[in-house]
Amino acid sequence: MGSLGAILKHPDDFYPLLKLKMASRNAEKQIPPEPHWRFCYSMLHKVSRSFALVIQQLGPQLRDAVCIFYLVLRALDTVEDDTSIPTDVKVPILIAFHQHIYNREWHFSCGSKDYKVLMDQFHHVSNAFLELGKSYQEAIENITKRMGAGMAKFICKEVETVDDYDEYCHYVAGLVGLGLSRLFHASGSEDLAPDVPSNSMGLFLQKTNIIRDYLEDINEIPKSRMFWPHRSGVNMLTNLRTSIEENSVKAVQCLNDMVTNALIHVDDCLKYMSALRNLAIFRFCAIPQIMAIGTLAMCYNNIEVFRGVVKMRRGLTAKVIDRTKTMADVYGAFFDFSCMLKSKIDRSDPNAEKTLSRVEAIQKTCRESGLLNKRKSYIIRSEPRYNSALDGHFHEMCTWVTSYQSV
């Protein structure tokens, strides 16, 4: 659960945190007895506890397929992320990874900690994969093949332009959205979603992670990793790494530009989620999206992104998981977090007007849903005030009941 200090500061977090802890323990008790399935679900709990919790709500067959899909792509990502693997070894593995999942004997030692265990004992994942239905296998193989080829392309190519950035995010995350849509359809629970909103669901999450994980990526050993496209006047990889304070203004402007770029996907994401019929699938998709818009609101205009990890406190995460049951909850969360982001926009930022336009478009969509009065708010709004930082614009100033943690 959250720290005692955080709970005392936010006492209404206690009950959602307690429910989250009980649900997590219950999920661990439901791990299958078969050795290969036990390994897969146990590993899922270790590499992503929150994902393992949400996935438990899915029906048995779809849950197994999504679990294996996640682990296969996590293994692929582990190969890509390991900067100690020589390029001439890494690229062929990435390209052929979709074939390895059919091999009950294949494994490759790389990564660290739990990810190393996953790679060393990957045969368990292959054995589980081969027990899935044919339609599930085909969807997983297709996405793995396309993702591996895309990752291989960017091993030999840097992310320099915004087009490069979108292409890279498509390969590593947009394809996840396409794959999940195919798995949902294969289960018979949902219609097959179009590719564009499916892609946006993945891009919105991936771009949020790239923004949040800036410091972790440039401090990667033995070789730094940089996924931010080049911005005028700032070499993000060298200048900011050596002297963040000297470049703080330009750094934050780059950060704000990145957040503004991510917001372009919100409309597609809201449309995707509003079309879902199955409650378990809806919650599975909606919870990470709400976490993403909340994280962006906290990262925006925040120099701490370059000093540590900015994230939502655990109690607020528990509230999101507990509350997210309908589109009213989604619209409400997106409205509230966009209000927080809006309150931080400064006229001196080069992209202030673009950011404001995208935030207000999100708020307009949420208002026009007619559902904002049917959920609990994440923030307390005061009387509307004039914001001198944005000439001619009025907005609601927000009193935060959330906080970021910097570690």
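An unreviewed UniProt entry lists the chain under the name Squalene synthase, from Hevea brasiliensis. In the Sequence similarities (unreviewed entry) part of its UniProt record, the chain is described as follows: "Belongs to the phytoene/squalene synthase family."

Asker: Break down helix α11 (residues 195–212) for me, citing the residues and quoting the values.
Answerer: Between the first and last C-alpha of α11 there are 26 Å, a value that for 18 residues agrees with the 26 Å anticipated at 1.5 Å per step. Of all the 18 residues making up α11, 13 are buried; the element is thus mostly covered by neighbouring parts of the structure.

Asker: How would you summarise the pattern of salt bridges if you had to cite specific residues and measurements?
Answerer: This model, assessed by the stated rule, comprises twelve salt bridges. Glutamate 167 is the partner of lysine 157 in a salt bridge, and the nearest nitrogen-oxygen pair spans 4.0 Å. Linking lysine 157 in the loop between α9 (134–155) and α10 (162–186) with glutamate 167 in helix α10, this pair joins segments that are ten residues apart in sequence. On the basis of relative accessibility, which here comes to 31%, the residue lysine 157 falls in the partly exposed class. For glutamate 167, a relative accessible area of 23% gives the class partly exposed. Residue lysine 342 pairs with glutamate 360 through a salt bridge whose shortest N-O separation is 3.4 Å. With lysine 342 in helix α18 (residues 327–342) and glutamate 360 in helix α19 (residues 352–368), the pair connects residues that are 18 residues apart, well separated along the chain.

Asker: Give me the lowdown on the side chain of aspartate 349, citing residues and values where you can.
Answerer: Structurally, aspartate 349 is set in the loop between α18 and α19. For the buried aspartate 349, no salt bridge exists, and the shortest N-O distance to an oppositely charged side chain is 9.2 Å, to lysine 354. Here the side chain of aspartate 349 touches asparagine 351 through a polar contact of 2.9 Å, landing on its backbone nitrogen. For aspartate 349, the contacting residues outside a window of four places in its chain are Val252, Gln253, Asn256 and Tyr300.

Asker: Report on the packing of aromatic side chains, specifying residues and quantitative values.
Answerer: For the coordinates displayed, the defined rule picks out 15 aromatic pairs. With a centroid separation of 5.6 Å and an interplanar angle of 70°, the aromatic rings of phenylalanine 97 and phenylalanine 122 are classed as edge-to-face. On the criterion of sequence distance, the pair formed by phenylalanine 97 in helix α6 (residues 87–100) and phenylalanine 122 in helix α8 (residues 122–129) is long-range, its members being 25 residues apart. There is no split in this pair, since phenylalanine 97 and phenylalanine 122 are both buried. Judged by centre distance (4.9 Å) and plane angle (15°), the ring pair of tyrosine 168 and phenylalanine 227 falls under stacked. Of the two residues, tyrosine 168 is situated in helix α10 and phenylalanine 227 in the loop between α12 (214–218) and α13 (239–242); the sequence distance between them amounts to 59 residues. Aromatic ring contacts, followed pair by pair, group Phe51, Tyr70, Phe184 and Phe284 into a single cluster.

What counts, and where the lines are drawn
Residues numbered from 1 in each chain as written. Predicted model: local features only at pLDDT ≥ 70, side-chain atom pairs only at ≥ 80, totals over all residues. Heavy atoms only, no water. UniProt positions renumbered as here; feature names shortened; annotations may be inferred. Helix = DSSP H or I, 4+ residues; strand = E, 2+ residues; numbered from the N terminus. Expected span 1.5 Å × (residues − 1). Buried < 20%, exposed > 50% of the residue type's maximum accessible area, 1.4 Å probe, protein only. Salt bridge = Lys/Arg side-chain N within 4 Å of Asp/Glu carboxyl O. Lys, Arg positive; Asp, Glu negative; His and termini not counted. Polar contact = N/O pair within 3.5 Å; in protein donor to acceptor, adjacent residues only side chain to side chain. Contact = heavy atoms within 4.5 Å. Phe/Tyr/Trp six-rings, centres within 6.5 Å; stacked < 30°, edge-to-face > 60°.

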